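Structural features, examined
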Amino acid sequence: MAHVTREHLDRLLEQALLADDHGSLAKRLYDVALGYSTGDVSRASILVLAAEEWRAAGQPARAMECFQRAMEDGGESSIDPRAGIADTLFELDRPDEAREVIETIRAEGGATTATAHTIAETLVAYGDLRAGHEWATQAVLACDEDDPEQVALLRTRYRIRVDLGLPEDDLDALVS
């Protein structure tokens with residue numbers, strides 16, 4: 001079992017960026033997660049990173065497995081792994097299941113800003129601008145001013161509003 005540091009993950013990510021090989025990085029991250037014992041980063045976070053790399057490598061089924069393992073692990077991660085599951089379900093042309101997962105997250109409440117942002121982007125990517133706008137708006141209203149995700153979320157919300165043909169509002173004025 002290995003102790004995983006943020007620096008270790010950063011080196012893996014840097015190497016993969018240079019090689020532009022998402023599949024190899026996904027496998028390495030998955031192996032790191034399997035060998036995980038302790039670390040600065042949770043096993044769930046590593047599994048979410050691996051899942052994102054599997055998706056970038058065009059392997060959504062493997063991504064789904066990693067997102068599900070991250071969810072089962074229950075450790076802290078940057079986003080709720082179910083948001084990744086929903087996105088992957090859309091990619092696999094299973095929109096009804098994806099919407100069920102999103103509705104479950106909504107019903108439970110307490111989604112982090114990063115999770116809400118991911119869901120908003122997913123909904124927009126699959127053609128549901130209104131629902132994406134709703135998720136982005138609720139997240140902006142709920143997030144703290146010092147939340148590092150706030151500016152990106154405001155920009156996403158503004159872009160959705162433009163695509164919907166909506167006029168600017170007070171929240172749009174916060175985009176810098």
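Structural data are supplied above this passage.
Here goes a summary of the coordinates provided.

Rules of the game
- Residues numbered from 1 in each chain as written.
- Predicted model: local features only at pLDDT ≥ 70, side-chain atom pairs only at ≥ 80, totals over all residues.
- Heavy atoms only, no water.
- Axes fitted to C-alpha atoms, helices over the stretch in contact; angles between N-to-C directions.
- Helix = DSSP H or I, 4+ residues; strand = E, 2+ residues; numbered from the N terminus.
- Parallel < 35°, antiparallel > 145°, perpendicular 65-115°, else oblique.
- Left-handed = near helix turned anticlockwise from the far one by under 90°.
- Contact = heavy atoms within 4.5 Å.
- Nonpolar A, V, L, I, M, F, W, Y, C, P; charged D, E, K, R; others polar.
- Core = buried A, V, L, I, M, F, W, Y, C linked by side-chain atoms within 4.5 Å.
- Buried < 20%, exposed > 50% of the residue type's maximum accessible area, 1.4 Å probe, protein only.
- Salt bridge = Lys/Arg side-chain N within 4 Å of Asp/Glu carboxyl O.
- Polar contact = N/O pair within 3.5 Å; in protein donor to acceptor, adjacent residues only side chain to side chain.

1. Concerning the packing of helix H1 (residues 6–19) against helix H2 (residues 22–34)
Put simply, H1 and H2 touch, their axes get as near as 10 Å, and they point 165 degrees apart. By the angle class used here, H1 and H2 are roughly antiparallel. The two elements H1 and H2 meet at a crossing, and its hand is right-handed. On the side of H1, the interface is formed by His8, Leu9, Leu12, Leu13, Gln15 and Ala16, while H2 contributes Leu25, Arg28, Leu29 and Val32. In terms of residue class, the contact of H1 with H2 is made up of seven nonpolar, two polar and one charged.

2. Concerning the nonpolar core
In terms of nonpolar packing, the biggest core is built from 50 residues, with Leu9, Leu29, Ile46, Ile102, Ile119, Leu123 and Trp135 touching the most fellow members. In this structure leucine 9 touches Val4, Leu29, Val41, Ile46 and Leu49, once residues within four positions along its chain are discounted.

3. Looking at the pattern of salt bridges
Under the defined criterion, the tally for this structure stands at 16 salt bridges. For the salt bridge of arginine 106 with glutamate 103, the shortest nitrogen-to-oxygen distance reads 3.6 Å. With arginine 106 and glutamate 103 both in helix H6 (residues 95–108), this residue pair falls three residues apart, about one helical turn. Residue classification places glutamate 103 among the partly exposed positions, given a relative accessible area of 43%. Among the ionic pairs, aspartate 169 bridges to arginine 161, the shortest N-O distance being 3.6 Å. Since its relative accessible area comes to 25%, aspartate 169 is described here as partly exposed.

4. Thoughts on the environment of arginine 43
Looking at the element boundaries, arginine 43 is found in helix H3 (residues 43–56). The sequence separation of arginine 43 and lysine 27 amounts to 16 residues, and the corresponding C-alpha distance is 14 Å. Apart from residues no more than four positions distant in its own chain, arginine 43 is found in contact with Ala33, Leu34, Tyr36 and Asp73. A polar contact is formed between the side chain of arginine 43 and the backbone oxygen of alanine 33, at a distance of 3.2 Å.

Shape descriptors only; they carry no functional weight alone.
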